[in-house]
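# Chains, contacts and geometry: an overview
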Amino acid sequence: MSIIKAPLLFAGSKGEKHLYALYDSGANLSCIHPDALENLEMPVSLGRTRLIGTASEGHYIEVNHAVRLDFYMDDILLSDEFLVVPGLSEEVIIGAATMQKWRIKLDFEHDKAIVD
């Protein structure tokens, strides 16, 4: 199994910064670590707690906030909602829904993600 992880420029209402994003076709939704939001964007309450399943059977994470962010791949502006996930192992995870929405293809031979 190959992993594709790359620095991307993220932009929010409070500023912009480069964050390392892991492309994960096994994750349905895109996620961001709460610490990565500093000087970037204010999270918004989801209203109700969401229980997000993990790869560990029977293990769920409570998610209470989300954030909408712009991000750039190869100078192409993309935008999506990211769940704010406490204890996330990565700064950002780009999930399958975001990849489908923006037609992002994973090229494991060359270890890169491409906007089609």
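One structure accompanies this document, and this report is about it.

The rules behind the values
- Residues numbered from 1 in each chain as written.
- Predicted model: local features only at pLDDT ≥ 70, side-chain atom pairs only at ≥ 80, totals over all residues.
- Heavy atoms only, no water.
- Helix = DSSP H or I, 4+ residues; strand = E, 2+ residues; numbered from the N terminus.
- Rg over C-alpha atoms; globule rule 2.2 N^0.38 Å.
- Buried < 20%, exposed > 50% of the residue type's maximum accessible area, 1.4 Å probe, protein only.
- Contact = heavy atoms within 4.5 Å.
- Areas by Shrake-Rupley, 256 points an atom, 1.4 Å probe, with all protein chains shown as cover.
- 1 Å grid on protein atoms, 1.4 Å probe; cavity = no way out; pocket = protein on both sides within 12 Å on 5 of 7 lines; lining within 4 Å.
- Points joined across faces, edges and corners; volume = space filled by probe spheres on them.
- Nonpolar A, V, L, I, M, F, W, Y, C, P; charged D, E, K, R; others polar.
- Pairing = 2+ DSSP bridges.
- Phe/Tyr/Trp six-rings, centres within 6.5 Å; stacked < 30°, edge-to-face > 60°.

What the protein chain contains, in helices and strands, is one helix and nine strands. Its helices and strands in sequence order give the protein chain the pattern β-β-β-β-β-β-β-α-β-β, from N to C terminus. For 116 residues, the compact-globule estimate of 2.2 N^0.38 gives 13 Å, and the protein chain sits close to it at 14 Å. Projecting the C-alpha coordinates of the protein chain onto the three principal axes gives extents of approximately 40 × 35 × 20 Å. For the protein chain, with 116 residues in total, the buried portion stands at 37%. For the protein chain, long-range pairs separated by at least 24 residues make up 53% of all intrachain contacts whose partners lie at least 6 apart in sequence. A total of about 7200 Å² of accessible surface is found on the protein chain, and carbon and sulfur atoms cover 49% of it.

Moving on, we come to the layout of surface pockets. In this structure, the largest pocket occupies an estimated 420 Å³ of space. Every residue lining the largest pocket is counted, 17 residues in all, and those nearest its centre are Asp 24, Ala 27, Gly 53, Thr 54 and Ala 55. The residue makeup of the lining of the largest pocket, split by class, is 10 nonpolar, five polar and two charged.

Relative to strand S2 (residues 15-23), strand S1 (residues 4-12) runs antiparallel, the two sharing nine bridges. Pairing of Lys 5 across the sheet is with Leu 22, part of S2. Connecting S1 to the next strand, S2, in antiparallel fashion are two residues. Sheet topology note: the S1/strand S5 (residues 60-73) ladder contains three bridges and is antiparallel. Bridge assignment links Phe 10 to a residue of S5, and that residue is Phe 71.

Of the two faces of strand S9 (residues 112-115), only the one carrying Ala 113 and Val 115 is buried; Lys 112 and Ile 114 on the other face are not. In this structure, the hairpin formed by strand S8 (residues 104-107) and S9 is closed by a connection of four residues, where Asp 111 is found at a positive phi of approximately 50°.

Tallied over the entire structure, the rule returns three aromatic pairs. Taken together, a centroid distance of 5.6 Å and an interplanar angle of 25° make the contact between Phe 10 and Phe 71 stacked. Within this pair, whereas Phe 10 is found in strand S1, its partner Phe 71 is found in strand S5, the two being separated by 61 residues in sequence. Across this residue pair, the class does not change: Phe 10 and Phe 71 are buried. Here Phe 10 and Phe 82 contribute two aromatic rings whose centre-to-centre distance is 5.8 Å and whose plane-to-plane angle is 75°, an arrangement assigned as edge-to-face.

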